[in-house]
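Residue strings, one per chain:
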Amino acid sequence: MHDIRFEASMRAYQSRPKPIEDLRVGIQNSLAFAQRIEHRASHLFSLAIDEEDDLKKFLFCFTAMESATHATFKQIQHEDVVSGIVQLNERAQRSGRSLFGNQKAKLRPLRDRFTWCVVAAWTHLSDADVDEFLELKKWRDDIAHGSIVVPPKGAAARAERLATRVLQDVRRGP
């Protein structure tokens, strides 16, 4: 008696010529984008995409979001954002700007900075994304403190989805 096993694999693709002007525009757009992208966060995200181990993927994605948060936070014109959110009355405008302007220094915890980035810069994100980040952060903290060894099932995929949304508009500082 003999065991017989068959395997087959096939790939196909078709290429089509593209007008040279479309190629030129695509290259120019790519170069312009490469100049603006926040390199640390994108590098960490790239490591996450290629990673098969869920723990490493989760940690790379989370660290990419953390890096993006700090990079974005540094770029925000905090007083301008506060002025747009809070209507200061004329009699105490200078004092109010000073008060709210000083709050930037108090936004040290990552959860506060992430939330502020959503409010002030990442207009494509919402409260649901903040909630998701906070849950992912809890798992990351649990791993860091030894409470758990691996993130819950599906956490790596959730971190990847949120990191993809966060990083779609994270840019390098001036």
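It should be noted that the structure appears before, not after, this text.
So, here is what we can say about the structure in this document. Only a predicted model underlies this, so the values are computations on that prediction, with no experimental measurement involved. (Residues numbered from 1 in each chain as written. Predicted model: local features only at pLDDT ≥ 70, side-chain atom pairs only at ≥ 80, totals over all residues. Heavy atoms only, no water.)

**So, the pattern of salt bridges**
At step 1: The final tally for this structure, using the stated rule, is 11 salt bridges.
At step 2: Here Glu-21 and Arg-24 are joined by a salt bridge, their closest N and O atoms 3.3 Å apart. Here Arg-24 and Glu-21 lie together in helix α1 (residues 20-36), a separation of three residues that amounts to about one turn.
At step 3: The class of Glu-21 is partly exposed, set by a relative accessible area of 43%.
At step 4: We classify Arg-24 as partly exposed; its relative accessible area is 43%.
At step 5: For the salt bridge of Asp-142 with Lys-138, the shortest nitrogen-to-oxygen distance reads 2.8 Å. Residue Asp-142 and its partner Lys-138 are located together in helix α7 (residues 127-144), separated by four residues, close to a single helical turn.
At step 6: Via salt bridges that share partners, Glu-66, Lys-137, Arg-140 and Asp-141 belong to a single interconnected network. (Salt bridge = Lys/Arg side-chain N within 4 Å of Asp/Glu carboxyl O. Helix = DSSP H or I, 4+ residues; strand = E, 2+ residues; numbered from the N terminus. Buried < 20%, exposed > 50% of the residue type's maximum accessible area, 1.4 Å probe, protein only.)

**Brief notes about the packing of aromatic side chains**
At step 1: For the structure shown, the criterion picks out three aromatic pairs.
At step 2: Arranged with centres 5.4 Å apart and planes meeting at 65 degrees, the rings of Phe-114 and Trp-122 form a pair that is edge-to-face. With respect to class, Phe-114 is no different from Trp-122; both count as buried.
At step 3: A ring pair is formed by Phe-114 and Phe-133, whose centres lie 3.8 Å apart and whose planes are at 5 degrees; its orientation type is stacked. With Phe-114 in helix α6 (residues 110-120) and Phe-133 in helix α7, the pair connects residues that are 19 residues apart, well separated along the chain. Residue Phe-114 shares its accessibility class with Phe-133, and that shared class is buried.
At step 4: Members of the aromatic cluster, connected to one another through ring pairs, are Phe-62, Phe-114, Trp-122 and Phe-133. (Phe/Tyr/Trp six-rings, centres within 6.5 Å; stacked < 30°, edge-to-face > 60°.)

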